[in-house]
Amino acid sequence: MRLLLVEDDALLADGLQRALRAEGYTVDHIDRGDLVMPALEGGGFALVLLDLGLPGLEGLAALKALRQQDKQIPVIIISAKDALEDRISGLDSGADDYLVKPFSSMELIARIRARLRRREAPGTETVKIGELEIDAERFLVTLGGEPVNLSRREMSVLLQLVRHRGRVLTRDQLEQGLYGWNEDVESNALEVHIHHLRKKLGSGLIRTVRGVGYSLAGETG
C-alpha cells in the first residue's frame, strides 16, 4: 500500500516515514505543495498525508486543485493549525480527515487504516482460500490455522492481489505498490517475491497470466 507524504518538516517527515514503513506501507515524500499534482499523475498511491503550511503552494490550495481534477484519492491533513475554522476549511475543501500536530504515529496509522478500509469492497478485510486465511486489515496470514511469516514486500504483493482479486495486475502495477521513488528495483525482484509466496502459501495461489501479469487463483470467501 503506497502513501504520499507531503511535509516540509524534515525531522517529522523522517519519523513518519520510519513509522509507516514499519507498518508495511511504502512511502514517498515531497516537501512542496506544487509537487503534489505532478506526483499523483504517476498513479499508484492509495492515500495522501498533507501538511498545510507548505512552500511552493499552500496545502489547502493543493488540496483544492486535486479535488478540481476529480481525484478520489483519500487525503488526511496533518497540520499544527488547530483552530476550528481551519479544520472546517480543510474538510470543506475535500480532506477526508484532519489530524492536529503533535500527534501519535499510532493514531495516524489507525486513521489511515480506517480511511483505506472504507475504500475497500465488502468482504476484503478477511479472505479465505482453502486452508489459507488472509486478514488484510491486521496484516496477518495463517495456513491451516498456523501463522505464516511473510516479509513486508511479500505481504504487500499478496495484499495487492487480494484487494484486486478477480483482476490481473501487471508487473508495473505491483511494483508501484512495492517501491518508492528512491528505492532501486532489481529486474527480477517481483518474481522473487512471487516465488517466495508460492513456496510459503502453495504453488497454486498466484496465477501467472503470460504476457500480462499476475492474479489471485482459487475460490475466495
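Here the structure is a predicted model, which means the values were calculated and not measured.

Conventions adopted
Residues numbered from 1 in each chain as written. Predicted model: local features only at pLDDT ≥ 70, side-chain atom pairs only at ≥ 80, totals over all residues. Heavy atoms only, no water. Phe/Tyr/Trp six-rings, centres within 6.5 Å; stacked < 30°, edge-to-face > 60°. Lys NZ or Arg CZ within 6 Å of the ring centre and 35° of its normal. Core = buried A, V, L, I, M, F, W, Y, C linked by side-chain atoms within 4.5 Å. Buried < 20%, exposed > 50% of the residue type's maximum accessible area, 1.4 Å probe, protein only. Helix = DSSP H or I, 4+ residues; strand = E, 2+ residues; numbered from the N terminus. Contact = heavy atoms within 4.5 Å. Expected span 1.5 Å × (residues − 1).

Caption draft 1: Representation of the packing of aromatic side chains within the structure. Inspection of the entire model under this criterion finds zero aromatic pairs. Its guanidinium or amino end placed over the ring of Phe45, Arg2 lies 4.3 Å from that ring's centre, counting from NZ or CZ.

Caption draft 2: Just the nonpolar core, in detail. Among the nonpolar cores identified, the biggest contains 25 residues, and Val141, Leu158, Leu161, Leu201 and Leu205 are the most heavily contacted of them. Secondary-structure elements contributing two or more residues to this core are β6 (126-129), β7 (132-135), α6 (152-163), α7 (171-178), α8 (189-201) and β12 (213-216). Among all residues touching Leu205, those that are not within four sequence positions of it are Ile129, Leu132, Leu158, Ser215, Leu216 and Ala217. Core analysis: the next-biggest nonpolar cluster, separate from the first, contains 21 residues, Phe45, Leu66, Ile77 and Tyr98 among them.

Caption draft 3: Seen up close, the environment of Ile112. Structurally, Ile112 can be placed in helix α5 (residues 105-119). Here the alpha-carbon distance between Ile112 and Ile76, two residues 36 residues apart in the chain, equals 7.9 Å.

Caption draft 4: Structural detail: α6. For α6, spanning twelve residues, the distance from its first C-alpha to its last is 16 Å, which sits close to the expected 16 Å at 1.5 Å a residue. Burial analysis of α6 places nine of its twelve residues in the buried class, the great majority of the element. For α6, the full list of buried residues reads Glu154, Met155, Ser156, Val157, Leu158, Leu159, Gln160, Leu161 and Val162.

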